[in-house]
Amino acid sequence: MSVNIKDIVPVINAVHHMVSPEEIIDNVSIDSRSLQNNSQTLYFALKGQNRDGSEFIPALIAKGVRHFVVHQIPDGLQQQANFLVVEDTLSAFQNFVSFYRKGYHFPVIGITGSNGKTIVKEWLNFLMHQEYSIIRSPKSYNSQVGVPISVIAINENHNLGIFEAGISTTGEMQRLQPIIAPTVGILTHIGSAHEEGFASVTEKIQEKLKLFTQVEVLIMQYDNAVLPYVPQHIKTFSWSFDQPEATVQLRQENKILHLTYQGNTFDVTLPFQDRASVENAMSCILALLHFNYSIQTIQERLQKLYTMETRLEVKRGINNSTLIDDSYNSDYQSLKIALDFLEQHKSDTKKTVILSDVFQSGFDADILYQKVAQLLQQNYIDQVVGIGPKISTHLKYLSNFTGFESTAAFVAQFNEKTFANQTILIKGARSFKFDEIVVLLEEKTHETVLEINLNALAYNLNFYKSKVQPQTKIMVMVKAFGYGSGSFEIAKELQHHKVNYLGVAFADEGVELRQAGIHLPIIVMNPEVSGYPAMLAYQLELEVYSIKSLQSFLNFAQKRNVSNYPIHIKLDTGMHRLGFEEKDLPELIEILQNNTLVKVASIYSHLSSSDVPSYDDFTLQQFDKFERWSQTLMEALPYKPIRHILNTSGTYRSPQYQYDMVRLGIGVYGVGNDPQEDRQLENVGTLKTIILQIREVEPGESIGYSRKFKTDRSMKIATIPIGYADGIPRAWGNERGHVMIDNQPARILGNICMDALMVDVTDLQCKEGDTVIIFGKSLRVTTIADTIGTISYEILTGISQRVKRIFYKE
């Protein structure tokens, strides 16, 4: 990209205030945190419900950025940069990319549907990359922001585009259509995803079809529920199991597809046979037929398809390192995304990148690797390991570069001492088999893992943000090891999303967050006298809940010569756990008015029953007490602390009492206390393991300790390597509970052991090594809690730290 900024003005219908109108733009950004922002970046200050990108313009100017698209110029900055003022910065961003897209004239495949978009896109890239220089959506970038980010990466060397589009409500697809401007359309499976944004399935179908208004051909499964809404001028290229009107007829026999097309019959063998994969493969086959690929080529390439991995994963590495595993693709656009992710989730100041040859960039090799080198330098990478003949040749001049011809050469010379106390991004094309490098660098643990979906975490955070005013601050609790999810990585993600405060239970939790690079304000909710020195050293703020606790800290502060140290006054309005009562206020006020050792940062209280509608009268009493008592304190102080009383359930049910800040807990982690609330949240944590062994057990035999279960028939029993030492409640055993295998329930037989449990798989098709879901989207943690008479908090926080956590982002 190389565009004069003054030429952008009419494209986005902007009013310009420019100090240097002849500047050239070669990069577009919407992320103020990216290290790739520079003097030739045009920053679009997107305005969301709770954040305005304009807030970060002063910091960007300090870093050298000089060009901004805004809805309003920040005070005092008009003469410091070029400003293009528009009514809606998101619309301006989309309009600019639509204009940019019109400059390129080659086939573009546009993909939408409820399921399978990303898989079809990645498979088509794999199947067609030998003939085309392909630009495609990175990861699952298919939103109102993700689509323009994807399309803006087109350059003159590309000759095929593959972009996916996702929508959640009406009116969105018509904004994405001119950005992608597809010439070929693919409609994947229509399912229940995002149904709440549409009045009916029919409305959802009609909205998705708006992507294809200008296509030459629409590839789809022959579907009588969809076809009536396809405009008559659009040519359809369809397939079906049983509809003779379809262009391609399909009959499946295990992994073999028997296809009939234009009077010819041929077979295609796939590496899998499940229905979803077959449907996605058919979309690809029809696309290849449309692009005139030979049947022989289709047969040869389809049998090499693979299970898709489209997510970045954060894992614990050897020698106190952190791994970011992106070992399945290596193109220029996804490298930029991965480097931003590395910066967000680094656990140490030292950063290492292990990178394979870079493919499908659209640039010739010299220009490509100049750009790669520039990216690595902009992101302050300390150590670069290049694997592949091209990267080893083109980057060997870098002082921090070590090159290897192949993965095998790297493995042969591997020295684990080289990788210690650092964050390592592993990014390579699938053909380089970087999973071998991941095995070398990953800390060895057993097969049980708790996968944490950071996209879902962000979604849930934004769900609660939507309940409060934009100016209301957000505090998120990360105590108890982040509700069992892992406090460091969760805190980094929350810091990335610019929450205002984090809450921990004890000082040592806050210290660990500081050591991991968290700079947000952190409140210690249960401060102990022994923790005061650490709190002071690591700038942790403390809750004060009694005259005794206040006097204790004042004595410490005086000895350490501290002044105006931030404290948070807790009022006991009905929880009766910790906090000042009304009778304590006069003495509290007198102490606060007569010292400068501390300063009240906030006044707050805790609701005891905000999730219980039958106690709403009691909750209203708490609100009343808090208003009166906190107002008394506010009037006595010469400054205005912020106030907060709402927890997660309070934020959902009583947002009118949001005051200056709300405190979010378990809801961010995907569990709502109200059934309706719970349905609107996305699952964050999935606890999974494998089948360790399957055995046949005869009638009259017993299973597990104390012979609690006895067989009355021949049964097939699977042993699962997870038990109560991993946090699985024993009360979930003895046929009360179950696990999920291939999306089917398998009941737990007998007592749960310390390190294992046994399940009935008599009627299931499964084998040793298959995945077992303990809880997640298909088996909610709320179901387990309700069945055994406890709460979801206890289940989540009880998951042992010996269970490996894997954090990923799509």
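Residues numbered from 1 in each chain as written. Predicted model: local features only at pLDDT ≥ 70, side-chain atom pairs only at ≥ 80, totals over all residues. Heavy atoms only, no water.

With respect to the overall build of the protein
Basically, it comes down to this: Helix and strand assignments come from DSSP, with helices taken as H or I runs of at least 4 residues and strands as E runs of at least 2, each series counted from the N terminus. Radius of gyration here uses only the C-alpha atoms, and the compact-globule reference equals 2.2 Å multiplied by the residue count raised to the power 0.38. Partly exposed describes any residue whose relative accessible area lies between the buried limit of under 20% and the exposed limit of over 50%, with all areas from a 1.4 Å probe on protein chains only and scaled to the type maximum. When checking whether two residues touch, look at their non-hydrogen atoms; a contact exists if any pair is within 4.5 Å. Using a 1.4 Å probe, the Shrake-Rupley method yields the accessible areas, and only the shown protein chains count as cover for residues. When charges are counted, neither His nor the chain ends are considered; positive counts come from Lys and Arg and negative counts from Asp and Glu. For the purpose of locating charges, the reference atoms are NZ of Lys, CZ of Arg, CG of Asp and CD of Glu.
On a plain count of helices and strands, the protein comes out with 26 helices and 41 strands. Its C-alpha atoms give the protein a radius of gyration of 29 Å, near enough to 28 Å, the size a compact globule of 810 residues would have. With respect to the principal axes defined by its C-alpha atoms, the protein has extents near 90 × 85 × 60 Å. In the protein, buried positions account for 57% of the 810 residues. Considering only residue pairs separated by 6 or more positions, the protein has 67% of its internal contacts joining residues 24 or more positions apart. Of the roughly 34100 Å² of accessible surface on the protein, 46% is carried by carbon and sulfur atoms. The centroid of the 75 positive side-chain charges in the protein is displaced by 2 Å from the centroid of its 88 negative side-chain charges.

Examining the state of the cysteines
Note the following rule: Disulfide assignment relies on a single distance test, namely cysteine sulfur atoms paired within 2.5 Å.
One pass over the full model with this rule turns up zero disulfides. Cysteine 753 carries a free sulfur, and the closest cysteine sulfur to it, the one in cysteine 766, is 19 Å from it.

Concerning the nonpolar core
Counted only if it meets this: Joining through side-chain atoms within 4.5 Å is the link that ties buried Ala, Val, Leu, Ile, Met, Phe, Trp, Tyr and Cys residues into a set, and such a set is a nonpolar core.
One finds Val372, Leu502, Ile567, Ile569, Ile741 and Val759 to be the most contacted residues of the largest nonpolar core, which totals 127 residues. Ignoring sequence-local partners within four residues, the contact set of isoleucine 567 consists of Leu542, Val544, Leu550, Phe553, Leu592, Val598, Lys599, Val600, Ala601 and Ser602. Listed in part, the 49 residues of the second largest apolar core include Val3, Ala14, Ile152 and Ala165.

Some points on the sheet that holds strand β29 (residues 598-605)
Selection criterion: Any two strands are treated as partners once DSSP identifies two or more bridges connecting them. Here an axis means a line fitted to C-alpha atoms, over the contact stretch when the element is a helix, while the angle between two N-to-C directions is reported on a 0 to 180 degree scale.
As summarised here, the arrangement of the eight strands in space is β30-β29-β28-β27-β26-β25-β24-β31, forming an open sheet in which the pairing is parallel. The open sheet is flanked by β30 (642-644) and β31 (661-664), the only strands paired with a single partner. Within the sheet, the average angular offset between the axes of one strand and its neighbour, ignoring direction, is 30°.

Observations regarding the packing of aromatic side chains
To keep it simple, the criterion reads: Here a pair means two rings of Phe, Tyr or Trp (six-membered ring of Trp) with centres within 6.5 Å. Their orientation is stacked below 30 degrees between planes, edge-to-face above 60, and tilted elsewhere. Only Lys NZ and Arg CZ are tested; either one counts as a charge over a ring when it is within 6 Å of the ring centre and within 35 degrees of the ring normal.
Enumeration over the complete set of coordinates arrives at 26 aromatic pairs. A ring pair is formed by phenylalanine 414 and phenylalanine 419, whose centres lie 5.9 Å apart and whose planes are at 10°; its orientation type is stacked. With a centroid separation of 5.4 Å and 50° between ring planes, the pair formed by phenylalanine 553 and tyrosine 565 is classed as tilted. A residue pair is termed long-range when its members are at least 10 positions apart, and phenylalanine 553 in helix α20 (residues 547-559) and tyrosine 565 in strand β28 (residues 565-571) qualify at twelve residues. This pair shows no difference in class: phenylalanine 553 is buried, exactly as tyrosine 565 is. Chaining the aromatic ring pairs together yields one cluster made of Phe404, Phe410, Phe414 and Phe419. Geometry around tyrosine 639 places lysine 599 over its ring, the cationic atom sitting 5.1 Å from the centre.

Side note on helix α8 (residues 275-290)
Each full turn of the α-helix corresponds to 3.6 residues, which orients residues three or four apart in the same direction. Quick reminder of the rule: Take the residue count of a helix, subtract one, and multiply by 1.5 Å to get its expected span.
Here α8 contains 16 residues, and its C-alpha end-to-end distance of 23 Å stays within 8% of the 22 Å for a straight helix at 1.5 Å per residue. A large share of α8 lies buried, amounting to 13 of its 16 residues. Backbone geometry just downstream of α8 places asparagine 292 in the positive-phi region, at approximately 65°.

Thoughts on the pattern of salt bridges
Pairs can form between side chains of opposite charge once their charged atoms are near each other. Spelled out, the test is: Any carboxyl oxygen of Asp or Glu within 4 Å of a side-chain nitrogen of Lys or Arg constitutes a salt bridge here.
Applying the stated criterion across every chain yields a total of 32 salt bridges. In this structure, lysine 767 and aspartate 770 form a salt bridge, with 3.0 Å as the shortest nitrogen-oxygen distance. Each of Lys121, Glu122, Arg136, Glu164 and Asp331 takes part in salt bridges that share partners, so that together they form one network.

Quick word on the environment of valine 511
Within the secondary structure layout, valine 511 lies in helix α18 (residues 507-515). Distance in space between the C-alpha atoms of valine 511 and tyrosine 222 is 59 Å, their sequence separation being 289 residues. Residues within four places of valine 511 in sequence aside, it is in contact with Ala534, Tyr538 and Leu540.

A few points about the sheet that holds strand β6 (residues 67-70)
Across the sheet, which stays open at both edges, the five strands sit in the order β2-β7-β6-β5-β4 with mixed pairing between neighbours. Edge positions in the sheet fall to β2 (15-17) and β4 (27-29), since each has one partner strand and no second. Pairwise comparison of adjacent strand axes, ignoring direction, gives a mean angle of 20° for this sheet. Bridge analysis of β6 against strand β7 (residues 82-85) gives four bridges, and the strand direction is parallel. Each bridged residue has a counterpart across the sheet, and for valine 70 the counterpart in β7 is valine 85. Helix α3 (residues 89-101) rests against β4, β5 (41-44) and β6 of the sheet, and its axis sits at about 140° to β5.

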